[in-house]
Amino acid sequence: MHEPSAITPDLVAQHGITPEEYARIRTILGRDPNFTELGIFSVMWSEHCSYKSSRVYLAELPTRGDCILQGPGENAGVVDIGDGLAIVFKMESHNHPSFIEPFQGAATGVGGIIRDIFTMGARPIALLDPLRFGPLTKGKSRYLADGVVAGIAAYGNAVGVPTVGGELCVSETYAGNPLVNVFCLGIAPTNRIFLARASGEGNPVIYVGAKTGRDGIHGATMASETFDEGSEERRPTVQVGDPFKEKLLIEACLEVMETDALVGIQDMGAAGLTCSSCEMASRGGTGIEIDLARVPRRETGMIPYEVMLSESQERMLLVVRRGTERQVMDLFHKWDLDAVIVGRVTGDGLLRVKDGERVVAEIPAVALAEEGPVYHRPVRRPAYLTETEQADLSGLSLPEKLDQVLLDLLGSPNIASKQPVWQQYDHMLFCNTVVEPGSDAAVLRVQGTRKGLALAADGNGRYTYLDPYEGGKLAVAEAARNVVCAGARPLAITNCLNFGNPERPEIMWQFAEAVRGMGDACRALQTPVTGGNVSFYNETLGTAIFPTPIVGMVGLLEDIAHATTQRFKAQGDVVFLLGETREELGGSEYLKVVHGLEVGRPPALDLTRERAVQQVCLEVIRAGGVSSAHDCADGGLAVALAECCMTTPKAWLGATLTLPGEMRPDALLFGESASRIVVSVRPDKTESVRAMARRHGVPCVELGMVGGDHLMLRGQGFSLRLSVEAIHWAWGTGLSRALK
Amino acid sequence: MLEAQIHVTLKKSVLDPQGDTVRSALATLGFPGVTDCRIGKFMLLRLAEQDPAKAKTQVDEMCRKLLANPVIEDYVFRITEVAG
Amino acid sequence: MKWGVLIFPGTWSHQDFAHVFQDVLQVEWGYLWHKETSVAGYDCLILPGGFAHGDYLRCGAIARFSPIMDAVVRFARNGGPVMGSCNGFQILCEAGLLPGALLRNDSLQYRCRWVHIRTERRDTPFTRTSRPGQVLKIPISHGEGRYSAPPQTLAKLRSNGQIVFRYATPDGQITDEANPNGSLENIAGICNEGRNVLGLMPHPERASETLLGSEDGRVLFEGLLAGALPR
């Protein structure tokens, strides 16, 4: 690449900088920027790094709580779990890179989120991957899904961080823009959390890890543009991940953290060296001077602009105490990693970039990291809502064979067993996995304590499309319900907000409403937001995806013995439904799979009721005698009950159950009313379950008993009977059948 | 009979972690003289097509569509006559 | 009795073995870094799972040249017990301490799941306290675990009784269905002619506590812990 001789309005526009933004840059600098500086501003002020469209809304989310040690603003959130331990977690998107090159896009997404976690001093112990694709029968979506899953497996397995759960949903809405969100959780001693701060004037700045190439230049601005016909041509920006190098970085950085040498540390992710250096200086209230001539390079002829903007993977930037350089370098060399002093902390608040003796950029660090533009973009309620909300579902034809409908739903890709996917991921490493993928939440024990952690990821794009506010609420509520069903108290969330182009008022309105809903639910359920990620511009050829906020929820089990799964355990156990079923078919999986409709309003969610239902479930689990607990969600009560029967093959456990309620049978069976949990308990515990539900004012109905090798469901105007073997076949082979 | 010999390698500008790791392993083993190592795939295809020019067009298309990933890989091939 | 757990760059199961030795079995153990050149002071060596050197080129191909491997080979030739699990098995094969090779799974995909393996031989230091034909519930986690060997090697393995574990159904039947990766004759683990070097694809360290779903894997450690070895 050659440096252009002049900064023209065209060049500024190509960098995604508006004339107003350019005027601000000139005010900050007191002059025109040079080419390198223009590049630096363009990535730091891009939507991806600056959150310029979302900031005003994100500020409304609750971020404080008793156990929150670090909220948004650092590489990841930190939550105290007692016993001197803290958990560090975050979720991010890698949608755009995965669309361009699915294998490497997903792989580097995993690598990036893992770096965010060990940067804080935590050992990464678990990954979750919520994924969204177009229908898998379509060639392109299939190619993307295969590539993404293989990329996650290749990177996560090799680097040695188990993938303990996630989601896979398919819908036409994601055909032109898949979603690849990645969640990582780590564990650290509470007194040894590290922050991405540069302090102590004169302290050396050390560059560690892979050499710098031209990978991913302008990755950050790419994520801030929508796809068009030419985006496949923009492919040379693809980064390649090296999980082996990342494993070495994890071990070496954690070893450095055990010494007292480290002052601050940040990984070079989006916007690479630029972002890590100016953010560390800005947070530390200092400046940083770096010399690009010392940066290890993989390619020749790179100009300063390229070195500053490169997104080569597996690189870290450290600030260490003066005098410890030798000790730190030796440690990295033990792990065969390149480590080079590239600069020092200064007191002038500037990011000063030199190439040898020549200063090639000089910008106030705070201006880049904190003083980016903030927009109150116009909002407008989308017109489609009038139509979807008015859809009359009362005239919907009732399918004749409800048992076949149940089998169809169980075999549909969104409900069917995801084992074909998660068996490609190591989900057992570290000997913590007490509940494997496939139940409501994964449960990990916390070694050295009696405690456990429950992890779940959730988000329903269809609900959010039909009512963004309710969709945001429901995502939080369902994720919380998932960890409650595993026996855990919901602690806190991270989120990944996947939306279309925020410059369109309808998209901005969806975003504002969804965030408002999430905030209300987080406040009601006392699960603060510890950080996350916003991914805008998820559009192809002007069509946005369903607005898809995804919640990563972490819950705490005080006693790992309370870990509970969704599957029935013993003949003779009594099955209860906590919560209430209403005639709500809007936005349901049933409506989509059977009637091909995505209309109506999503199920109504009363947050007080939600909290009470969760409270009852937790209390009955803690009191002992609960064999299983399962959230009713996609596919409704009938699907939830069928899933409870998915026990060990050939040792089937069915149930004979009566579903009370006066409404259309399909609504009773497949409607997705919120705040419902199915529990099965030992027969001697039935009275205490009823008493606890009464005390919290939660409806609690005895449905029947576990036993036999058939699932029998009876109710007003219907009766269906299916062998558990048939249910298991439909559910177990659904995904592989969809992939054929 | 015509045979296509195809080499697929990562593009020069794309990081090759495997090649780098092998290069440093060779250095450790006492071969410090290897300045670069790139690892790729080698494929041999037997073709029914008799005409070398047509075969070339076909193989080129195969490479672009399936055998190489144009996002990150380059390919070269040659077509030779072999004993059936 | 002190266990040595080897760490190559890219190894990841070492912590799990350490956890089992420290917290579950409460025995003496220590880590051995791959750049070390002596294994003095250790009574049994473990080569754990992971992706040593990224598994680049071939699984185990680069790790076998690590400085410590000379000491491991000497230790094994002198009859010292060595167990390689998963990637450790692959390294032992590349190092020539065990015959055969581990190829890509027949599914062409990584597999992490519970399997059952049948104990075929009790005349190794690792399996001597197991029951005849004991079936172990134990996890696998690998992309390249399909055991392969030329016919004459396989015949020799058979006649010498070197096939220690086979993938089986929960009730001990050797079937194609029970074979998770296409291994020849359902082979999950083999030993050398001296019977002191064992390689297996499954992870015994992940099956050492009931909380995690099985403690069947402990039998592989208990054989050695049960007392002095008959030589």
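Residues numbered from 1 in each chain as written. Chains lettered and ligands numbered in written order. Predicted model: local features only at pLDDT ≥ 70, side-chain atom pairs only at ≥ 80, totals over all residues. Heavy atoms only, no water.

Q: Honestly, the overall build of chain B in this entry has me stumped. Any pointers?
A: If you tally the helices and strands in chain B, you get two helices and three strands. Scanning chain B from its N terminus toward the C terminus, one meets helices and strands in the order β-α-β-α-β. Each principal axis of the C-alpha atoms in chain B carries an extent, and together these give about 50 × 30 × 15 Å. Counting across all 84 residues of chain B, residues that qualify as buried make up 33%. Put simply, 71% of the contacts in chain B that link residues at least 6 apart link residues at least 24 apart. Accessible surface, chain B: about 5200 Å² in total, of which carbon and sulfur atoms supply 57%. (Helix = DSSP H or I, 4+ residues; strand = E, 2+ residues; numbered from the N terminus. Buried < 20%, exposed > 50% of the residue type's maximum accessible area, 1.4 Å probe, protein only. Contact = heavy atoms within 4.5 Å. Areas by Shrake-Rupley, 256 points an atom, 1.4 Å probe, with all protein chains shown as cover.)

Q: Help me understand the overall build of chain C in this model?
A: For chain C, the count of helices and strands is five helices and eleven strands. A compact globule built from 231 residues would reach a C-alpha radius of gyration of about 17 Å, and chain C, at 16 Å, matches this within 12%. Principal-axis analysis of the C-alpha atoms gives chain C an extent of 40 × 40 × 35 Å. Within chain C, contacts between residues separated by at least 24 positions form 76% of all contacts whose residues are at least 6 apart in sequence. (Rg over C-alpha atoms; globule rule 2.2 N^0.38 Å.)

Q: Please explain the sheet that holds strand β4 (residues 123-133) of chain A as it appears in this structure.
A: Strands in a sheet are paired, the pairing made by backbone hydrogen bonds, and the direction either parallel or antiparallel. Residues and elements named next belong to chain A. Spatially, β1-β2-β3-β6-β4-β5 is the arrangement adopted by the six strands of the open sheet, whose pairing is mixed. Unpaired on one side and paired on the other, β1 (68-70) and β5 (163-170) mark the two borders of the sheet. Each adjacent strand pair in this sheet contributes to an overall mean axis angle of 20 degrees, direction not counted. As defined by bridge partners, β4 adjoins β5 across seven bridges and the pair is classed as parallel. Bridge pairing in β5 places Leu 131 opposite Leu 168. Packing against the sheet, helix α8 (residues 139-159) makes contact with β4, β5 and β6 (179-189), and its axis sits at approximately 180 degrees to β4. (Pairing = 2+ DSSP bridges. Axes fitted to C-alpha atoms, helices over the stretch in contact; angles between N-to-C directions.)

Q: Just checking my understanding: could you explain the sheet that holds strand β2 (residues 41-47) of chain B for this structure?
A: Residue and element names in this part refer to chain B. An order of β2-β1-β3 is seen for the three strands of this open sheet, with the pairing classed as antiparallel. Unpaired on one side and paired on the other, β2 and β3 (73-81) mark the two borders of the sheet. Recorded for the sheet is a direction-independent mean angle of 20 degrees between the axes of neighbouring strands. In this sheet, β2 lies alongside strand β1 (residues 2-10) in antiparallel orientation, the contact comprising seven bridges. By the bridge assignment for β2, Leu 2 is matched with Leu 47.

Q: Please clarify how the packing of helix α7 (residues 102-118) of chain A against helix α10 (residues 243-258) of chain A should be interpreted in this entry.
A: All names here are of chain A. Direction vectors running N to C along α7 and α10 enclose 5 degrees, while the axes themselves pass 11 Å from each other. On the basis of the axis angle, α7 is roughly parallel to α10. Counted together, Gly 111, Ile 114, Arg 115 and Phe 118 of α7 and Glu 246, Leu 249, Ile 250, Cys 253, Leu 254 and Met 257 of α10 form the full contact between these two elements. Among the residues making up the contact of α7 with α10, the classes are represented as seven nonpolar, one polar and two charged. (Parallel < 35°, antiparallel > 145°, perpendicular 65-115°, else oblique. Nonpolar A, V, L, I, M, F, W, Y, C, P; charged D, E, K, R; others polar.)

Q: What's the story with the interface of chain A and chain C in this structure? I'm lost.
A: Buried accessible area, meaning the area lost when the parts come together, often serves as the stated size of an interface. If you look at the interface, chain A gives 30 residues, while chain C gives 28 residues. Approximately 2500 Å² of surface area, both sides summed, lies buried where chain A meets chain C, with 59% of it carried by carbon and sulfur atoms. Ranking the residues of chain A by area buried against chain C places Phe 244, Met 428 and Cys 431 of chain A at the top, with a combined share of 23%. Remark: the boundary between chain A and chain C carries three salt bridges. The salt bridge involving Arg 445 of chain A is made with Glu 209 of chain C; its shortest N-O contact spans 2.8 Å. Where chain A packs against chain C, one counts 13 residue pairs in polar contact (both at pLDDT 80 or more). Breaking the side of chain A that touches chain C down by element, the ones donating at least two residues are α8, α10, α13 (325-334) and β14 (433-435) of chain A. Looking at the side of chain A that touches chain C, the element that brings in the most residues is α10 of chain A, giving four residues. Residues that form the side of chain A that touches chain C fall into these classes: 13 nonpolar, nine polar and eight charged. (Buried area = accessible area lost by both parts, 1.4 Å probe. Salt bridge = Lys/Arg side-chain N within 4 Å of Asp/Glu carboxyl O. Polar contact = N/O pair within 3.5 Å; in protein donor to acceptor, adjacent residues only side chain to side chain.)

Q: Would you take a moment to explain the environment of His 728 of chain A for this structure?
A: All names here are of chain A. By the element assignment, His 728 lies in helix α26 (residues 724-738). Under the relative-accessibility criterion, His 728 is labelled partly exposed at 21%. For the pair His 728 and Met 646, spaced 82 residues apart in sequence, the C-alpha to C-alpha distance is 6.2 Å. When residues no more than four places from it in sequence are discounted, the contact partners of His 728 are Met 646, Pro 649, Trp 652 and Thr 733.

Q: Would you explain the side chain of Ser 13 of chain C in this entry?
A: Tracing the backbone through its elements, the reader meets Ser 13 of chain C in the loop between β1 (2-7) and α1 (14-24). On the basis of relative accessibility, which here comes to 0%, the residue Ser 13 of chain C falls in the buried class. Side chain to side chain, Ser 13 of chain C and Glu 205 of chain C meet in a polar contact 3.4 Å long. What Ser 13 of chain C contacts, discounting residues up to four positions off in sequence, is Leu 429 of chain A together with Pro 48, Gly 49, His 203, Glu 205 and Arg 206 of chain C.

Q: How should the interface of chain C and chain B be read in this particular structure?
A: Listed by partner, the interface residues are five residues for chain C and seven residues for chain B. Between chain C and chain B, the buried area comes to about 540 Å², and carbon and sulfur atoms account for 83% of it. In terms of surface lost to chain B, no three residues of chain C exceed Tyr 56, Leu 57 and Ile 62 of chain C, which account for 77% of the buried area on that side. In this assembly, chain C and chain B are joined by zero salt bridges. At the junction of chain C with chain B, the criterion picks out one residue pair in polar contact (both at pLDDT 80 or more). Looking at the side of chain C that touches chain B residue by residue, the classes come out as four nonpolar, one polar and no charged.

Q: Sorry if this is basic, but what is going on with helix α16 (residues 402-411) of chain A here?
A: Residues lying three or four places apart along an α-helix face the same way, a consequence of the helix completing one turn every 3.6 residues. All names here are of chain A. Summarising burial for α16: seven of the ten residues are buried, a large majority. When α16 is considered as a whole, its buried residues turn out to be Leu 402, Val 405, Leu 406, Leu 407, Leu 409, Leu 410 and Gly 411. Turning to α16, the residues buried within the fold contact α21 (589-595), α23 (636-644), α24 (665-670), β28 (718-723) and α26.

Q: Whenever I open this one, the pattern of salt bridges confuses me. Can you help?
A: Once the charged atoms of two side chains with opposite charge are near each other, the side chains can pair. Per the counting criterion, the structure on display carries 67 salt bridges over all chains. Note that Arg 481 of chain A and Asp 631 of chain A form a salt bridge whose closest N and O atoms lie 2.7 Å from each other. In this pair, Arg 481 of chain A is assigned in helix α19 (residues 468-485) and Asp 631 of chain A in strand β23 (residues 626-631), connecting sequence segments 150 residues apart. In this structure, Arg 481 of chain A and Asp 631 of chain A share a single accessibility class: buried. The residue Lys 156 of chain C makes a salt bridge to Glu 193 of chain C at a minimum N-O spacing of 3.2 Å. Of this pair, Lys 156 of chain C sits in helix α4 (residues 151-160) while Glu 193 of chain C is found in the loop between β10 (187-191) and β11 (197-200), placing the two residues 37 residues apart along the sequence. Several salt bridges share partner residues, and in doing so they unite Glu 289, Arg 344, Asp 348, Arg 352, Lys 354 and Glu 362 of chain A into one network.

Q: In this structure, what is going on with the environment of Phe 430 of chain A? I would like to understand it.
A: Residues and elements named next belong to chain A. As for its position among the elements, Phe 430 is in the loop between α17 (419-422) and β14. The exposure class of Phe 430 is buried, given its relative accessible area of 6%. Between the alpha carbons of Phe 430 and Leu 444 there is a distance of 9.7 Å; along the sequence they are 14 residues apart.

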